[in-house]
Amino acid sequence: CIRAFDILDLVLSPFTHYETIPKEAMEDWARVFNQAATNLVDAVKADEGPDRTNNIGIAARWYLGLPQLIFRDTDGRKDRKHARIRMRLTAFLQGDFDTLLDHWVRDRNKVLRKDRKPQNDTKERRIQQGIKLIYQGFVSRGLRLVGGNGKALAEAVFGQLIDKHPQHEKSWAPPVRPTDGSDDPALLSLRRATLAVDPKVGVGPRGFRSYYARALAVGRFSDPEANGAFDAFARLGVLYLNTQMPPWLRRLLGSGLLTPLAKNPPVPGEKIDARPTKAEDIDTALWCKALQTDLTPKCKPGEPVRGIRKHLEPQQLAVGVSGGCESIVIGTKLKFEEARAKRLRKILILLDLRNAHNAYKRAAAQRALEALAATDPLLRPLVLAHHSISSQNNPIYVRSSQTETGLKYLCESSAGGGQGNPLTNIIFPVVIDKALKAAESNNVEPRAQQDDIHLWGDPDEIFGEDGTLARLLADLKAVGLDPNLTKFQLLGTTPDACANKPAWLKETFIITDPLEAARVAEAEAAAKDAAAAAKAAPPEEADEANAAAATAKEAAKAARDAVPERLRAKGVWTCGASPRNWQLQTHTRPTLRSNTRSRPV
């Protein structure tokens, strides 16, 4: 009977869903999940035949629709929660699928008829929500919410979100696998990852919340079918990651829900600059998290380095390295101070890549993973997993008040890694590893914390048309990564260290004189206001407004360039830090600063 429904109706949930499961309903939920997951596993693993796709479609509808069918909250009444969940679980277990689906259709039609109003994310609302989270024990999450800039309405930044998801990727052949399945991901860390999952973590368009999976791991059940639920969860995860599942099904399971977060406090008349953050449903997220944990084991002092970390050392400090950011900050500072003391000509360049994790070429990533696994067969599961989560271009949705379901299709994810997907944090370093290793020499040392790349060494080797910097940028460009040259930072150990730098590369500094700093700040504020006015100008005034903005921008640049050398305290902000987040102190010599503490390092 469920075959009569469009499968997308079961993927795109228009409901809010209960966050937790009543204790007395956990065993029945485990039984229901085991049945749905086992049916899907059996359908996927069945031999090819005329009915295989149809059988997978039926089993997939039941599995994909579980959050809606069982945990939909239709009116927010907590006093009805337990009874409703128990009634739906009982209907499923007794095979009364007609009643289960009839009630779902009734509730769905009712919610689809409702008018959806856009909800502005105000400071006052965030404070209330933050306080509520703190009282619930989620202190860090509550503080982040209060201190953040809130969400942007998807409709207001729709074009911007599309621009941040490049659509230039081509497909590649599936990986060749042994017939014995010896390269299957083991997912040894799945139970640990499930037990540690944040109950408030975001969900995808299906609404599969973290507690629905956690209940399978923490429950102590007397029913054998319930006890087998977590094993069924793991078996389904293996099929999702080992390429055995059909691409159309992986595409539906891996659908993402994107939330645009405002980078800066909203200003009337100015366009919001949004940072896209995407969440998948918790089942696929946990499967990927388990594989990531398996491949990045923590090593005790004195033990040999294991997992993917040993292939990325010493350039990459974001994979399997405890305190990687601190290592970069403190280590670079020590090298810098040593070079100054010995009067050695050295430079430090901090690179910035545009939308790095969301822009790299997936085909290049697949080739890099294949090459790495050829030297270490233990990494073959990552080769399969990347193909499984990336080759079919999963859809991305945003919340919208303009659609019946409250979800609006944004685009396909066809470049880079899935934002929020744990595997992206180990796949991206593999993508740039070849470029970083090619930049290493006796006199040049590249180090990276994910996409925050530090280039330290002899300026004579780094600068120039065929220098290390030019070659590194070309190698990064080859895998789809573009530099944001205006955000590069430069610092030299001697007055002449930066003499041969490219014209576009600027030495970073703060102004030590208050009057001079105020003069430059005034010019830069005028440029910012002119740029905002140009964006808001009507078409008939656009040319004049754009010209005024360009003039103001040049004036601001000239004001900063005119700052006397004696009033410049040079330094850099490391590991992705932003100057506006700092309580800066003035210095008369170059300094290094980091966002790992609340004071300069």
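Residues numbered from 1 in each chain as written. Predicted model: local features only at pLDDT ≥ 70, side-chain atom pairs only at ≥ 80, totals over all residues. Heavy atoms only, no water.

(A) Molecular detail of the packing of helix H17 (residues 362-375) against helix H19 (residues 424-439). Across the interface, H17 lies against H19 with an axial gap of 9 Å and an inter-helix angle of 85 degrees. By the criterion of interaxial angle, the relationship of H17 to H19 is roughly perpendicular. Each of Ala-365, Ala-368, Leu-369 and Leu-372 in H17 lies in contact with H19, whose residues at this interface are Ile-427, Val-430 and Val-431. Of the residues contributing to the contact of H17 with H19, the split by class is 7 nonpolar, no polar and no charged. (Axes fitted to C-alpha atoms, helices over the stretch in contact; angles between N-to-C directions. Helix = DSSP H or I, 4+ residues; strand = E, 2+ residues; numbered from the N terminus. Parallel < 35°, antiparallel > 145°, perpendicular 65-115°, else oblique. Contact = heavy atoms within 4.5 Å. Nonpolar A, V, L, I, M, F, W, Y, C, P; charged D, E, K, R; others polar.)

(B) Spotlight on the packing of aromatic side chains. Throughout the structure, instances matching the rule amount to 20 aromatic pairs. Considering the side-chain rings of Trp-62 and Phe-97, the 4.9 Å spacing of their centres and the 50 degrees angle between planes classify their relative orientation as tilted. Of this pair, Trp-62 sits in helix H3 (residues 52-71) while Phe-97 is found in helix H5 (residues 97-112), placing the two residues 35 residues apart along the sequence. The exposure class of Trp-62 is buried, given its relative accessible area of 13%. Relative to Tyr-409, the ring of Tyr-397 lies with its centre 6.0 Å away and its plane at 75 degrees, an arrangement referred to as edge-to-face. One end of the pair, Tyr-397, is in strand S6 (residues 395-399); the other, Tyr-409, is in strand S7 (residues 407-412), with 12 residues separating them in the sequence. A residue is classified by how much of its surface remains accessible, and Tyr-409, at 42% relative accessible area, is partly exposed. Aromatic ring contacts, followed pair by pair, group Trp-29, Phe-33, Tyr-63, Phe-71, Phe-208, Tyr-212, Phe-230, Phe-233, Tyr-240 and Trp-287 into a single cluster. Note that Arg-191 overlies the ring of Phe-230, its terminal NZ or CZ placed 4.3 Å from the centroid. (Phe/Tyr/Trp six-rings, centres within 6.5 Å; stacked < 30°, edge-to-face > 60°. Buried < 20%, exposed > 50% of the residue type's maximum accessible area, 1.4 Å probe, protein only. Lys NZ or Arg CZ within 6 Å of the ring centre and 35° of its normal.)

(C) Examining helix H4 (residues 81-93) more closely. Spanning 13 residues, H4 covers 19 Å between terminal C-alpha atoms, matching the ideal 18 Å at 1.5 Å per step. Lining the buried residues of H4 we find helix H2 (26-45), H3, strand S2 (72-73) and H5. Following H4 by one or two positions, Gly-95 has its phi on the positive side, about 75 degrees. (Expected span 1.5 Å × (residues − 1).)

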